[in-house]
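One letter stands for each residue in the lines below.
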Amino acid sequence: MVRMICLLAFAATMLQAYPEFQKFSQTHSGRTVNCGMCHASPEGPDGLSFGQVGSLDSVQMELLKDARRAQQPGMDVNNPVLNPFGNKLVRVMGVRLLVDAKKDPAMLHFYLKDAGDMDGDGVTDAQEFLDGTNPDNRYHGDPLALFLTNVQHHLFEIVMIFMATGAGMFGLSNLLMAFAAGGEGKKRSNSV
Amino acid sequence: MTSVWEFLAERFPVEKMDLQHMVQGKTVPVHRMSWAYYLGGITLFLFLIQVVTGLMLLFYYQPTVNDAFESVQYITEEVPGGHIIRNLHAWSASAMIFFVLAHLVTTFAMKAFAKPREVTWLAGIGLLLITFGFGFSGYLLPWNQIAVNATKIGLQSIEAMGQYLPASMAHLPTQLKEIIQGEASVGQATLSRFFVLHVVVLPLISFGLIGIHLFSVQLHGMSKGIPGEVKRTEKFFPTFIIKDFSTWGAVFFIMFILALTLPFDAFFSFPLMDPYNARGSTPDGIKPEWYFYMVYYPLEMLPYWLVMLAVNGGIVVLLLAPWIFKHTSIKTLRMLAVGFALYFVIITLFGDVIYHLVKGGA
């Protein structure tokens, strides 16, 4: 227990909270956003659950310390209390810039502008931050943007399914007409 | 007893139960409301999509609180084509509820419940309630934040009914909630019960009711649907059925494109898609599915007893419609149907705005 308290106290000095980004994303998008946008746990870094500081072993604590030291952009980090998007932020911006950006959270969009699309859903990470959607889930994003991107991406499949459905309907219609004609013919021959 | 037999004999005339009457000789009225005749068929087709995609999902879905969320993730992320099947299931479920409501409104407006089609109507109302049951039970199965929390709210609203009942009956809603829930809180017993309801009980009842509904429709034919005489008809087989199948093709194409390009989960905020955490805080924005907004928003704004009275009264009126509206003109029925349709569209699209206007929130 004492060890746990010491660990938490130590970790608290290692951590910095960034609720400004969450608040900005939520206000800008009108969608609910929680700590899970950047953190491994949706409840944030403090606590004893998986992905929170209290659950880390000594190796993970070292990774946390390394990440904290990444003041400049471009350093490879693997902070266990952050998710891939959170780690990407540290990699792209560095801790110093990230702390500065807290004063104007909209700047995060600017810094991420050329940082790509980590989930490959066609909506950039910068845009997902503005939209309040999950940058690390290819099935989550602004519905219209996802729709337009996926239509372009799956154009061949869409054309094929259109042709297959059309051909199926054509065949079925002709089959039913043939049944109907057969039935009529039988009726006529019976009446004769 | 004799009158019951007479009633059934009139609704199920044995002399008409042959291929000639039910298929080959059947005609369908052609007029400006003819499009409404296709809505029931589309609903049936969407139900068939539900059955097929639901069976596919069953190969992977695990109905336990520890594995349900993971298994849904596995279907979406790992199973080849899994996200399309899951999306198709979700999209066609919503579409099915839309079309079942549209079918209800149009058949009401066309007085399709009138004698001798009372049984068709009653089976249809049964199917409508079961469709909502499918929606409610299926919502819990992914075991994510919105699923469990919205189910909790739904079950609490059953319990709340007790305070408005006489003292001798006040415990009944709580008992009903506990029977559905299966334990003190929403947990494994609830998930198991909802799973069995969703994949066994409700489908079996649906098959029975669909059988009665379709048999009855074929037996009595399509209702006239308009005031005055029908000037033109077309053959049910093959003319109408080919058009019916063509609409099925169009619906399948639209559903498939939606499933392929527009993930259903994208409409929810991502914290709602997190795995349910009994010890964690409840995220904002917990709401039922859109088709329950017509009850949900009034419950948020009006006294509970008033909304429950309206809902239960509405169901009773629907069940007794063939007798209540026996002498009502099609024109009046149309106005009532349009009134309900307007209410449904407005509360579904603008319920949130209305709620904030009424409550004065941001």
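Residues numbered from 1 in each chain as written. Chains lettered and ligands numbered in written order. Predicted model: local features only at pLDDT ≥ 70, side-chain atom pairs only at ≥ 80, totals over all residues. Heavy atoms only, no water.

1. A short note on the overall build of chain B
Alright, step 1. Helix and strand content of chain B: 14 helices and two strands.
Alright, step 2. For 362 residues, the compact-globule estimate of 2.2 N^0.38 gives 21 Å, and the C-alpha radius of gyration of chain B, at 22 Å, lies within 12% of that figure.
Alright, step 3. In terms of overall dimensions, chain B has C-alpha extents of about 65 × 55 × 45 Å along its principal axes.
Alright, step 4. Long-range contacts, defined here as pairs at least 24 residues apart, represent 80% of the contacts in chain B between residues at least 6 apart.
Alright, step 5. As displayed, chain B has an accessible area near 17800 Å², and 69% of this comes from carbon and sulfur atoms.
Alright, step 6. For chain B, the separation between the mean place of its 22 positive charges and that of its 21 negative charges on side chains is 15 Å. (Helix = DSSP H or I, 4+ residues; strand = E, 2+ residues; numbered from the N terminus. Rg over C-alpha atoms; globule rule 2.2 N^0.38 Å. Contact = heavy atoms within 4.5 Å. Areas by Shrake-Rupley, 256 points an atom, 1.4 Å probe, with all protein chains shown as cover. Lys, Arg positive; Asp, Glu negative; His and termini not counted. Charge placed at Lys NZ, Arg CZ, Asp CG, Glu CD.)

2. Focus on the overall build of chain A
Alright, step 1. Each helix and strand in chain A was counted, giving eight helices and zero strands.
Alright, step 2. Counting from the amino terminus, helix and strand elements in chain A follow one another as α-α-α-α-α-α-α-α.
Alright, step 3. Against the compact-globule benchmark of 16 Å for 192 residues, chain A has a radius of gyration of 28 Å, which places it well outside the compact range.
Alright, step 4. Projecting the C-alpha coordinates of chain A onto the three principal axes gives extents of approximately 100 × 40 × 30 Å.
Alright, step 5. Taken across its 192 residues, chain A has 38% of its residues classed as buried. (Buried < 20%, exposed > 50% of the residue type's maximum accessible area, 1.4 Å probe, protein only.)

3. What to know about the environment of Thr-133 of chain A
Alright, step 1. Structurally, Thr-133 of chain A can be placed in the loop between helix H6 (125-131) and helix H7 (143-153).
Alright, step 2. Under the relative-accessibility criterion, Thr-133 of chain A is labelled buried at 0%.
Alright, step 3. Here the alpha-carbon distance between Thr-133 of chain A and His-154 of chain A, two residues 21 residues apart in the chain, equals 22 Å.
Alright, step 4. In contact with Thr-133 of chain A, other than residues within four places in its own chain, are Arg-31, Met-37, Glu-128, His-140, Gly-141 and Asp-142 of chain A together with Phe-270 of chain B.
Alright, step 5. Reaching out from Thr-133 of chain A, the side chain makes a polar contact with the side chain of Glu-128 of chain A at a distance of 2.7 Å. (Polar contact = N/O pair within 3.5 Å; in protein donor to acceptor, adjacent residues only side chain to side chain.)

4. A look at the layout of surface pockets
Alright, step 1. Put simply, the second largest pocket is a space of about 1200 Å³.
Alright, step 2. Contributing to the lining of the second largest pocket are 44 residues, with Ala-40 and Pro-42 of chain A together with Phe-69, Asp-274 and Pro-275 of chain B lying nearest its centre.
Alright, step 3. In terms of residues, the lining of the second largest pocket owes the most to one element, helix H4 (residues 68-77) of chain B, which gives six residues.
Alright, step 4. A breakdown of the residues in the lining of the second largest pocket according to their chemical character gives 17 nonpolar, 19 polar and eight charged. (1 Å grid on protein atoms, 1.4 Å probe; cavity = no way out; pocket = protein on both sides within 12 Å on 5 of 7 lines; lining within 4 Å. Points joined across faces, edges and corners; volume = space filled by probe spheres on them. Nonpolar A, V, L, I, M, F, W, Y, C, P; charged D, E, K, R; others polar.)

5. Details of the interface of chain A and chain B
Alright, step 1. In this assembly, 36 residues from chain A lie in contact with 31 residues from chain B.
Alright, step 2. Between chain A and chain B, roughly 2900 Å² of surface is buried when both sides are summed, and carbon and sulfur atoms account for 71% of that area.
Alright, step 3. When the buried surface of chain A facing chain B is broken down by residue, Thr-32, Tyr-139 and Leu-176 of chain A rank first, second and third, together holding 23% of it.
Alright, step 4. Taken together, chain A and chain B are joined by one salt bridge.
Alright, step 5. The shortest N-O distance in the salt bridge between Glu-184 of chain A and Lys-235 of chain B comes to 3.2 Å.
Alright, step 6. Joining chain A to chain B, the criterion identifies nine residue pairs in polar contact (both at pLDDT 80 or more).
Alright, step 7. Ranked by the residues each element gives to the side of chain A that touches chain B, the list is headed by helix H8 (residues 155-191) of chain A, at 14 residues. (Buried area = accessible area lost by both parts, 1.4 Å probe. Salt bridge = Lys/Arg side-chain N within 4 Å of Asp/Glu carboxyl O.)

6. A look at the domain arrangement of chain A
Alright, step 1. We note that the domain assignment places domain 1 (2-140) and domain 2 (154-191) within chain A.
Alright, step 2. Distance between the C-alpha centres of domain 1 of chain A and domain 2 of chain A: 57 Å. (Domains from an automatic or database assignment.)

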